[in-house]
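# Inside the fold
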Amino acid sequence: MVVTSSAIAQTDSTQLDGNNKIFIIITNSGGEFVGRILKQDPKEILISTQDRGEVIIPKYEVKEIREAKPGDLSTSGKFIPEQLFSTRYFINTNGLPIKKGDSYMIFNLWGPDFQFGVGENLGIGVMTSWVGIPIIGSLKYSIELGENLNMGLGTLLGTGSWAAPEFGLALPFGALTLGTSKNNINFTAGYGVVWSNGKSEGKTLLSVAGLKRISRNASFVVDSFIVPNPGGGDFNVSTIALITPGLRLQFKDNSAFQFGFAAIYAENELIPAPIPFVQWFKKF
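From a predicted model like this one, the values you see are computed outputs, not experimental measurements.

Before going further, it helps to spend a moment on unusual backbone geometry. Note the cis peptide between I133 and P134, where omega equals -10 degrees. You will see that N197, though not glycine, has its phi angle at about 55 degrees, which is positive. Considering the arrangement of structural elements, one finds N197 in the loop between β13 (183-196) and β14 (199-213). Despite not being glycine, E267 has its phi angle at roughly 50 degrees, a positive value. Within the secondary structure layout, E267 lies in the loop between β17 (255-266) and β18 (269-283).

Once that is clear, we can look at the packing of aromatic side chains. Two descriptors summarise a pair of aromatic rings, namely the distance from one centre to the other and the angle between the planes of the rings. Per the counting criterion, the structure on display carries 10 aromatic pairs. Look at F85 and F281: their rings are 5.2 Å apart centre to centre, the planes differ by 45 degrees, and that puts the pair in the tilted class. Of this pair, F85 sits in the loop between β6 (62-67) and β7 (103-108) while F281 sits in strand β18; the two residues are 196 residues apart in sequence, bridging distant segments of the chain. Take F85: its relative accessible area is 0%, and that puts it in the buried class. Relative to F277, the ring of F90 lies with its centre 5.7 Å away and its plane at 70 degrees, an arrangement referred to as edge-to-face. A residue pair is termed long-range when its members are at least 10 positions apart, and F90 in the loop between β6 and β7 and F277 in strand β18 qualify at 187 residues. Classification of F90 by relative accessible area gives buried; the value is 1%. What links up through ring pairs into an aromatic cluster is the set F85, Y104 and F281. A cation over a ring is seen here: R248 above F281, with NZ or CZ 4.8 Å from the ring centre.

Moving on, we come to the sheet that holds β17. Pairing between sheet strands relies on hydrogen bonds along the backbone, with the strands arranged either parallel or antiparallel. With antiparallel pairing, 12 strands are arranged side by side around a closed barrel as β7-β8-β9-β10-β11-β12-β13-β14-β15-β16-β17-β18. Taking each pair of neighbouring strands and ignoring which way they run, the sheet shows an average axis angle of 20 degrees. Judged from the 5 bridges that link them, β14 and strand β15 (residues 218-228) form a sheet pairing that is antiparallel. Bridged to R213 within β15 is S219.

Quick look at the side chain of S255 now. Summarising the element assignment, S255 is placed in strand β17. Ignoring sequence-local partners within four residues, the contact set of S255 consists of F85, Q250, W280, F281 and K282.

Rules used throughout
Residues numbered from 1 in each chain as written. Predicted model: local features only at pLDDT ≥ 70, side-chain atom pairs only at ≥ 80, totals over all residues. Heavy atoms only, no water. Helix = DSSP H or I, 4+ residues; strand = E, 2+ residues; numbered from the N terminus. Phe/Tyr/Trp six-rings, centres within 6.5 Å; stacked < 30°, edge-to-face > 60°. Buried < 20%, exposed > 50% of the residue type's maximum accessible area, 1.4 Å probe, protein only. Lys NZ or Arg CZ within 6 Å of the ring centre and 35° of its normal. Pairing = 2+ DSSP bridges. Axes fitted to C-alpha atoms, helices over the stretch in contact; angles between N-to-C directions. Contact = heavy atoms within 4.5 Å.

Written out as structure tokens, the structure is:
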């Protein structure tokens, strides 16, 4: 139960005046309160908010309390929550961790993708098409290198499943992410290997991606998949890249909708792809 009050702060000697720091309090039920903490004791917190006045929050209902940082609040003073789905762009992941216990799924036009936070900074996942071909597992460990700087080390392992059990793929990768879950740029490098019927082939794969919050409920997303010298030898295409800009809309903490249009870069030309990227993110 959350109670509003207008008089307690004036009479309680434990009132915390003398600073104008703004704090963010998140409750176990998902409530968000932003403002100055006027008083707190072992049982409750009294916070002065801009939109609801003074509010008393029982301590047992508090999930998280922290001082607001740049980027936590909109220009109107409203709290911008962390993005659960910020570990993904359209295709690629980044160095940001999935929190332990958090899990979400992505529904794509081609199939589902499931991601699980199974440990501190450790995430696993599985993705496939709607007919189960191929099935690809993922593993990523995130390392915080400094404030707003994270690295991810991981791999993808896949099989052709029931239709082509002789087919397989592996893609170990490293990702370096500058920024936060709300605004970031990411660089990824990996080496992909595919094999079938005793033959294998490998290629270096690169990616540059980013996320930019443009309003409380909307973010600009861009992703890429770059294959340098895809043919090798005397092949006349030096680089092929899939570039996907788009928009992510998130009106609820537990779901988001994302869409974009891809283009293929080859032979110094940018060719629009006719099929859009449409994705629905859902926490579970």
